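An overview of the molecular structure
Residue strings, one per chain:
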Amino acid sequence: MSSMALSNAFTFAPPPPSPQAEALRAEVRAFLRDALADRPPLARAESWNGWDADFSRALGARGWIGMTWPKKYGGHERSALERYVVLEEMLAAGAPVAAHWIADRQSGPLLLRLGTESQRADILPRIARGECYFCIGMSEPDSGSDLASVRTRAVPVADGYIVNGTKLWTSSAHQAHYMILFCRTPSNESPAADRHGGVSQLLVDLRTPGISIRPVHALTGEHHFNEVVFTDCHLPADALIGTQGDGWNQVTSELAYERSGPERFLSSFTLLTELVRALGKDPSDTATVALGRLAAHIMTLRRLSRSVAGMLQAGDNPALQAALVKDLGALVEQEVPEIARLLHAAEPDLAATRNYSAVLAYTMLHAPSFSLRGGTREILRGIIARGLGLR
Ligand SMILES: Cc1cc2nc3c(=O)[nH]c(=O)nc-3n(C[C@H](O)[C@H](O)[C@H](O)COP(=O)(O)OP(=O)(O)OC[C@H]3O[C@@H](n4cnc5c(N)ncnc54)[C@H](O)[C@@H]3O)c2cc1C
């Protein structure tokens, strides 16, 4: 690859300054100060896993969900940078945003781009009101990194599809209204040898008969993700999103939304805040240097991630840049608990009354997942290597 092509592949154009976005920041901060006044640090540490339907509805009422979508679908026609301000302020404050997060981040934009008029008109306004939640049905027991090997099948029949198969690690399936199901839709036109052909995305109402949702507990004992089993589940023909057989292109372009946001480098932010508090007003030189280094990393990641938001708004597909943001972001998120333990001696203890100890324990137990969820480190580096022309 020539150096010119290489530098184009990794362009991170700075987004233009946005006075509207900065004006919104003050409004969001004032809202969060009141709304989260009683939220303890351990709950804030849940970051974008914290679930609160009332809070999501309150954000919807303020116009802070579906912000960039057209008004006719319940959106607010604001810029990607205004949306970015809302996201980063929510995460920095440890607001409970999980209920609407996936729908706002990727399922809504997917429906906006490829959904039928009736899917858009029915669902997008409900997402924007903070009342309709989504989950992602990609991974399976034998298909995680190798997504093209999914085995769940939706066999086309006269009046729709019959689905059989199992999805795994499905975050929030037990609380969501819909799943975007990625599965095989076998047809005569897609030869079995074409791993990327003959796959599609279907909109699944999770109340449909033939779906069983079972909990999978995380290291902390929490119930965030699930196993979802489809047994002769009948979906209507209008469940199809986009084009039958084109699911691979559709799902890979969705990943740029999934991998580039501030949730990919702010998952440990509450611990960083508690660490600064624990170190007090006069930290050692070693602590000052370590904190300065972390802050510099976070500022750089923020700049990269805001740049991807600008590219998405411009209609580009910055999948490569998003992979880079997520890989670098996970490194920093995982470094925070390690550095915290070196700088401040305290036993990690979820049940501790001391905020620092409880938040440290929570973050340590979650940190291993940061470089798995949304695509593992090795897979992201494979994508980046391909972008560099090394594979
Ligand atoms: C907290 C959390 C939430 C999640 N939520 C969802 C969700 O809502 N929906 C959903 O669909 N999925 C979800 N996942 C699943 C996640 O996407 C998968 O765990 C991930 O894609 C990895 O797949 P796997 O677990 O099957 O691991 P595997 O693919 O089996 O990988 C195991 C190890 O092998 C490495 N590896 C695999 N292939 C290669 C290769 N070609 N080259 C080099 N190394 C390789 C991987 O990097 C990894 O270290 C979630 C996961 C977590 C941890």
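Everything here concerns the structure above.
Heads up: these notes are all about the structure in this document.

**Topic: the overall build of the protein**
In terms of helices and strands, the protein carries 13 helices and eight strands. Against the globule reference of 21 Å for 391 residues, the protein gives a C-alpha radius of gyration of 21 Å, in line with a compact fold. Its C-alpha atoms give the protein principal-axis dimensions of about 70 × 50 × 40 Å. Expressed as a percentage of its 391 residues, the buried residues of the protein come to 53%. Here the contacts in the protein between residues at least 6 apart in sequence split such that 74% fall between residues at least 24 apart.

**Some thoughts on the pattern of salt bridges**
Scanning the entire structure with this criterion turns up 22 salt bridges. When the shortest N-O distance is used, the salt bridge between Arg-25 and Glu-22 registers 2.8 Å. One end of the pair, Arg-25, and the other, Glu-22, are both in helix α2 (residues 19-35), three residues apart, so they sit about a helical turn from each other. The exposure class assigned to Arg-25 is buried, which follows from its relative accessible area of 9%. Look at Glu-22 and you get partly exposed, because its relative accessible area is 41%. In this structure, Arg-302 and Glu-88 form a salt bridge, with 2.7 Å as the shortest nitrogen-oxygen distance. Taken together, the positions of Arg-302 in helix α10 (residues 285-313) and Glu-88 in helix α5 (residues 80-93) put the pair 214 residues apart, joining distant regions of the chain. Within this structure, Glu-22, Arg-25, Arg-29, Glu-88, Glu-89 and Arg-302 form a network of salt bridges that share partners.

**Some points on the site of the ligand**
In the region of the ligand, 15 residues are neighbours, and Ser-139, Ser-145, Trp-169, Thr-376 and Glu-378 sit closest. Here a nitrogen atom of the ligand and a backbone polar atom of Trp-169 are 2.9 Å apart. Within the side chain of Thr-376, a nitrogen or oxygen atom sits 2.6 Å from an oxygen atom of the ligand. Protein contact buries 62% of the 970 Å² of open area that the ligand shows by itself. Its residues placed into classes, the shell around the ligand shows six nonpolar, seven polar and two charged.

**Quick look at the pairing of strand β6 (residues 211-217)**
For β6 and strand β7 (residues 223-236), the ladder comprises seven bridges, and the chain directions are antiparallel. Its bridge partner lying in β7, His-217 is registered against His-223. What sits between β6 and β7 in their antiparallel hairpin is a turn of five residues, with Gly-221 showing a positive phi close to 90°.

**Things to note about the nonpolar core**
Grouped together as the largest cluster of nonpolar side chains are 69 residues, with contacts concentrated most on Leu-32, Phe-55, Trp-64, Met-90, Ile-127 and Phe-134. Setting aside residues up to four positions removed in sequence, Phe-134 forms contacts with Ile-102, Ala-103, Ser-107, Leu-111, Ile-123, Ile-127, Ala-176, Tyr-178, Ile-180 and Leu-203. Counting 21 residues, the second largest nonpolar core, distinct from the first, contains Leu-181, Val-228, Ala-239 and Leu-240.

**Digging into the pairing of strand β1 (residues 134-137)**
The alternating pattern of β1 places Phe-134 and Ile-136 on one face and Cys-135 and Gly-137 on the opposite face, and all of these are buried. Pairing of β1 with strand β4 (residues 178-184) involves four bridges; the strand directions are parallel. Bridge assignment links Gly-137 to a residue of β4, and that residue is Leu-181.

**Overview of the packing of helix α11 (residues 319-343) against helix α13 (residues 377-387)**
Angle between the axes and distance between the axes are the two parameters that describe a pair of packed helices. Their axes nearest at 9 Å, the elements α11 and α13 cross at an angle of 140°. By the angle between their axes, α11 is oblique relative to α13. When you trace α11 past α13, the crossing you get is left-handed. Judged by residue contacts, Leu-320, Ala-323, Leu-324, Lys-326, Asp-327, Ala-330, Leu-331 and Gln-334 of α11 engage Arg-377, Leu-380, Arg-381, Ile-383, Ile-384 and Gly-387 from α13. Counted by class, the contact of α11 with α13 contains eight nonpolar, two polar and four charged residues.

**Side note on the environment of Asp-349**
Here Asp-349 is to be found in the loop between α11 and α12 (355-370). Sequence separation between Asp-349 and His-234 is 115 residues, and the spatial gap between their C-alpha atoms is 47 Å. Setting aside residues up to four positions removed in sequence, Asp-349 forms contacts with Ser-357, Ala-358 and Ala-361.

Basis of the calculations
- Residues take numbers from 1 onward in each chain, read along the sequence in its written order.
- For a predicted model such as this one, the threshold for reporting local features is a pLDDT of at least 70, and the threshold for listing and counting side-chain atom pairs is 80 or more; totals across whole chains, interfaces and linings nevertheless cover every residue.
- Each side-chain value is derived from all of the structure's non-hydrogen atoms; neither hydrogens nor water enter the calculation.
- Only DSSP runs of H or I reaching four residues or more are called helices, and only runs of E reaching two or more are called strands; each is numbered from the N terminus.
- In this setup the radius of gyration rests on C-alpha atoms only. A globule is expected at 2.2 Å times the number of residues raised to 0.38.
- Buried residues are those whose accessible area, probed at 1.4 Å on protein chains only, stays under 20% of the maximum for their type, while exposed residues exceed 50% and partly exposed ones sit between those limits.
- Only heavy atoms matter for contacts: two residues are in contact if any of them lie within 4.5 Å across the pair.
- Throughout this description, the term salt bridge denotes a Lys or Arg side-chain nitrogen within 4 Å of a carboxyl oxygen of Asp or Glu.
- Here a residue is near a molecule or strand as soon as one of its heavy atoms is found within 4 Å of it.
- Whenever two N or O atoms come within 3.5 Å, that pair is a polar contact, provided that in protein one can donate a hydrogen and the other can accept it, and provided that, for residues adjacent in sequence, both atoms are side-chain atoms.
- Method for areas: the Shrake-Rupley scheme with a 1.4 Å probe, in which residue coverage is limited to the protein chains shown.
- Nonpolar residues are Ala, Val, Leu, Ile, Met, Phe, Trp, Tyr, Cys and Pro. Charged residues are Asp, Glu, Lys and Arg, and all others, Gly as well, are polar.
- In short, DSSP must find at least two bridges between two strands for them to pair.
- Buried Ala, Val, Leu, Ile, Met, Phe, Trp, Tyr and Cys residues form a nonpolar core when they are joined through side-chain atoms within 4.5 Å.
- Axes here mean lines fitted to C-alpha atoms, for a helix over just the part in contact, with angles spanning 0 to 180 degrees between N-to-C directions.
- Here the angle decides the label: under 35 degrees means roughly parallel, over 145 means roughly antiparallel, 65 to 115 means roughly perpendicular, and every other value means oblique.
- Each crossing gets its hand from how the near helix is turned against the far one by less than a right angle, where anticlockwise is left-handed and clockwise is right-handed.

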